[in-house]
Amino acid sequence: MISVSILDVKEFMNILLRSNAFDSFLLSEGTITTYMAFHLDGHCKADFFSPEDEPYEQITQERYVPFSLVRPACFDLIKGRRTPSSFQFVLQLSSENQRKTLASIGSSIPAEDVTGMYLNLRYQNQQLICTTGISCRVFSLDKSLEQSWDGMVKRFLKARQIAFEELL
């Protein structure tokens, strides 16, 4: 697990909410605090969609909603002259991207034992902190999976020209 401080919050928010850069993630949960707190429960409600709807296939295969579906609503809540008091988003890799990621790093932990690969975004007191995390069904002293995920997130941010500094 690593924590990084995002150096240009305005540019990061532009990338997060106005581009598809984070669309490979699912939204597990979120909170946006402006004039009131908006709580986002990312659990899919698959029966809302019909098979003709574009996100139907992914919605029926995932536990959480794709961030791409929630992004416009988050943008509408955050945009304006005043920045939010705070927000927090818990993003998780989709099942497909998680399988691809585990295969690419050659993890010693079986894919079925990895329950989530997370990116937590927390904005408070004009500071935006991004923290990585992994959830597994089994305990392991081997931290290579965590270290690989941490490295992948740093490369992900760099590839999108998001300036950050690692926190100790």
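Scoring rules and cut-offs
Residues numbered from 1 in each chain as written. Predicted model: local features only at pLDDT ≥ 70, side-chain atom pairs only at ≥ 80, totals over all residues. Heavy atoms only, no water. Helix = DSSP H or I, 4+ residues; strand = E, 2+ residues; numbered from the N terminus. Buried < 20%, exposed > 50% of the residue type's maximum accessible area, 1.4 Å probe, protein only. Contact = heavy atoms within 4.5 Å. Areas by Shrake-Rupley, 256 points an atom, 1.4 Å probe, with all protein chains shown as cover. Core = buried A, V, L, I, M, F, W, Y, C linked by side-chain atoms within 4.5 Å. Phe/Tyr/Trp six-rings, centres within 6.5 Å; stacked < 30°, edge-to-face > 60°. Axes fitted to C-alpha atoms, helices over the stretch in contact; angles between N-to-C directions. Parallel < 35°, antiparallel > 145°, perpendicular 65-115°, else oblique. Nonpolar A, V, L, I, M, F, W, Y, C, P; charged D, E, K, R; others polar. Left-handed = near helix turned anticlockwise from the far one by under 90°.

A.B. asks: Before we move on, can you summarise the overall build of the protein with the specific residues and values?
C.D. replies: On a plain count of helices and strands, the protein comes out with five helices and eight strands. Seen in sequence order, the protein has helices and strands lined up from the N terminus as β-α-β-β-α-β-α-β-α-β-β-α-β. For the protein, buried positions account for 41% of its 168 residues. In the protein, of all internal contacts separated by at least 6 residues, the share reaching a separation of at least 24 is 66%. Carbon together with sulfur atoms contributes 49% to the accessible area of the protein, which is approximately 9900 Å² in total.

A.B. asks: Provide a residue-level description of helix H1 (residues 9–18), including the pertinent values.
C.D. replies: Within H1, the full set of buried residues consists of Val9, Phe12, Met13, Ile15, Leu16 and Leu17. In this structure, the buried residues of H1 make contact with strand E1 (3–6), helix H3 (67–78), strand E5 (86–93), strand E6 (114–124), strand E7 (127–136) and helix H5 (144–159).

A.B. asks: I'd love a proper account of the side chain of Asp113, names of residues and values included.
C.D. replies: Turning to its location among the elements, Asp113 is positioned in the loop between helix H4 (95–105) and E6. When residues no more than four places from it in sequence are discounted, the contact partners of Asp113 are Ser135, Cys136, Arg137 and Val138.

A.B. asks: Residue-level account of the nonpolar core, with values.
C.D. replies: Grouped together as the largest cluster of nonpolar side chains are 41 residues, with contacts concentrated most on Phe12, Leu16, Phe22, Phe89 and Leu91. Put simply, the parts of the chain that give this core at least two residues each are E1, H1, strand E2 (25–33), H3, E5, E6, E7 and H5. A per-element tally of this core places H1 first, with six residues. Contact partners of Phe89, with chain neighbours within four places excluded, come to Leu16, Leu27, Glu29, Gly30, Ile32, Leu40, Cys74, Ile78, Leu119, Asn120 and Leu121.

A.B. asks: An account of the packing of aromatic side chains is requested, with residue identities and associated values reported.
C.D. replies: The final tally for this structure, using the stated rule, is eight aromatic pairs. For the pair Phe22 and Phe156, a centre-to-centre distance of 5.1 Å together with 75 degrees between the ring planes defines the contact as edge-to-face. A residue pair is termed long-range when its members are at least 10 positions apart, and Phe22 in the loop between H1 and E2 and Phe156 in helix H5 qualify at 134 residues. Just as Phe22 is buried, Phe156 falls in that class too.

A.B. asks: Can you tell me about the packing of H1 against H3, naming the residues and giving the values?
C.D. replies: Two elements in contact, H1 and H3, have axes separated by 8 Å at closest approach and are oriented at 130 degrees. By the angle between their directions, the pair H1 and H3 is classed as oblique. From H1, Met13, Leu16, Leu17 and Arg18 reach across to H3, where they touch Phe67, Arg71, Cys74, Phe75 and Ile78. Among the residues forming the contact of H1 with H3, the class breakdown is seven nonpolar, no polar and two charged.

A.B. asks: Describe the packing of H4 against H5, and please don't skip the residues or the numbers.
C.D. replies: For the pair H4 and H5, interaxial distance at closest approach is 11 Å and the crossing angle is 110 degrees. Comparing their axes, H5 and H4 come out roughly perpendicular. In this structure, H4 crosses over H5, and the sense of that crossing is right-handed. When H4 is examined against H5, the residues Thr101, Leu102, Ser104 and Ile105 are found in contact with a partner set consisting of Leu145, Ser148, Trp149 and Met152. Grouping the amino acids of the contact of H4 with H5 by side-chain chemistry returns five nonpolar, three polar and no charged.

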